[in-house]
Amino acid sequence: NNNNNNNNNWHYAGTDGQQTNTSPINLDNHHSSIADLERRYPQFRQRPQGTYALLQPGDLLYIPAKWWHHVRSLDTAASVNVWFR
């Protein structure tokens, strides 16, 4: 969940010149372990537990508004983002 108060800034959004909806933490950096990320970003230890999903062709993944997420495509893929008010 995207909670931007100072007690729960585990994602470091809006720091180091990042936009407030973008985190500088790169989970795809294969040269950094989770322990390396936790040393560089100590509040990252407070992150919520993640969920892993492997989607098949034709599957759809709904991510609720303001939820932090990381997506990696294993093959050619298309993503669509829609923001409703």
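Placed above this text is the structure.
Each residue is numbered by its place in its chain's sequence as written, counting from 1. Residue-level local features of this predicted model are given only where pLDDT is at least 70; pairs of side-chain atoms are given and counted only at 80 or more, and the full residue set underlies all totals for whole chains, interfaces and linings. In computing side-chain values, all of the structure's heavy atoms are included and hydrogens and water are not.

**Digging into the overall build of the protein**
- Going along the chain from the N terminus, every DSSP run of H or I of four or more residues is numbered as a helix, and every run of E of two or more is numbered as a strand. Within the protein, the secondary structure is distributed over one helix and zero strands.
- The 85 residues of the protein split such that 13% are buried.
- Residue pairs at least 24 apart in sequence account for 42% of intrachain contacts in the protein once pairs closer than 6 positions are excluded.
- Per-residue accessibility takes into account occlusion by the displayed protein chains alone, with areas from the Shrake-Rupley method and a 1.4 Å probe. Put simply, the protein shows about 7700 Å² of open surface, and 48% of that area lies on carbon and sulfur atoms. Three exposure classes are used, based on accessible area relative to the maximum for each residue type with a 1.4 Å probe and protein chains only: buried under 20%, partly exposed in between, and exposed over 50%. Throughout, a contact is declared for two residues whenever any of their heavy atoms are within 4.5 Å.

**Looking at the nonpolar core**
- Ranked by size, the top nonpolar core spans six residues in total: Trp-10, Tyr-12, Ile-25, Leu-37, Tyr-41 and Phe-44.
- If sequence neighbours within four positions are ignored, Tyr-12 has contacts with Thr-22, Pro-24, Ile-25, Tyr-41, Pro-42, Gln-43 and Phe-44. Take the buried residues of types Ala, Val, Leu, Ile, Met, Phe, Trp, Tyr and Cys, join any two whose side-chain atoms come within 4.5 Å, and each joined set is a nonpolar core.

**Re the packing of aromatic side chains**
- Stacked, edge-to-face and tilted are the three classes for Phe, Tyr and Trp ring pairs, Trp counted by its six-membered ring, which pair at centre distances within 6.5 Å; planes under 30 degrees apart are stacked, over 60 edge-to-face, the rest tilted. One pass over the structure, following the stated rule, counts two aromatic pairs.
- Lying over the aromatic face of Phe-44, Arg-47 brings its terminal NZ or CZ to 4.3 Å of the ring centre. To sit over a ring, a charge needs its Lys NZ or Arg CZ within 6 Å of the ring centre and within 35 degrees of the ring normal.

**Focus on the side chain of Glu-38**
- Mapped onto the fold, Glu-38 is located in helix α1 (residues 34–40).
- Within the structure, the side chain of Glu-38 is placed 3.0 Å from the side chain of Arg-47, a separation counted as a polar contact.
- Dropping the residues within four chain positions of it, Glu-38 is found in contact with Phe-44, Arg-45 and Arg-47. Within 3.5 Å is the distance limit for a polar contact, defined as a pair of N or O atoms, with the added protein rule that one can donate a hydrogen and the other accept it, and that residues adjacent in sequence qualify only through two side-chain atoms.

**Looking at unusual backbone geometry**
- If you check the backbone angles, Tyr-12 has positive phi at about 60° while not being a glycine.
- By secondary structure assignment, the location of Tyr-12 is in the segment before α1.
- At Lys-66, a residue that is not glycine, the phi angle is positive and equals roughly 65°.

**What to know about the pattern of salt bridges**
- Here, a salt bridge means any side-chain nitrogen of Lys or Arg that lies within 4 Å of a carboxyl oxygen of Asp or Glu. The final tally for this structure, using the stated rule, is three salt bridges.
- Residue Arg-72 pairs with Asp-28 through a salt bridge whose shortest N-O separation is 2.8 Å. Of this pair, Arg-72 sits in the segment after α1 while Asp-28 sits in the segment before α1, and the two are 44 residues apart along the sequence.
- Notably, a salt bridge pairs Glu-38 with Arg-47, separated by 3.0 Å at the nearest N-O pair.
- Note on Arg-47: relative accessible area 28%, which makes it partly exposed.

**A few points about the environment of Thr-22**
- Structurally, Thr-22 can be placed in the segment before α1.
- Separated by 46 residues in sequence, Thr-22 and Trp-68 have C-alpha atoms that sit 9.1 Å apart.
- Apart from residues no more than four positions distant in its own chain, Thr-22 is found in contact with Tyr-12, Ala-13, Gly-14 and Trp-68.
- A polar contact is formed between the side chain of Thr-22 and the side chain of Asn-21, at a distance of 3.3 Å.

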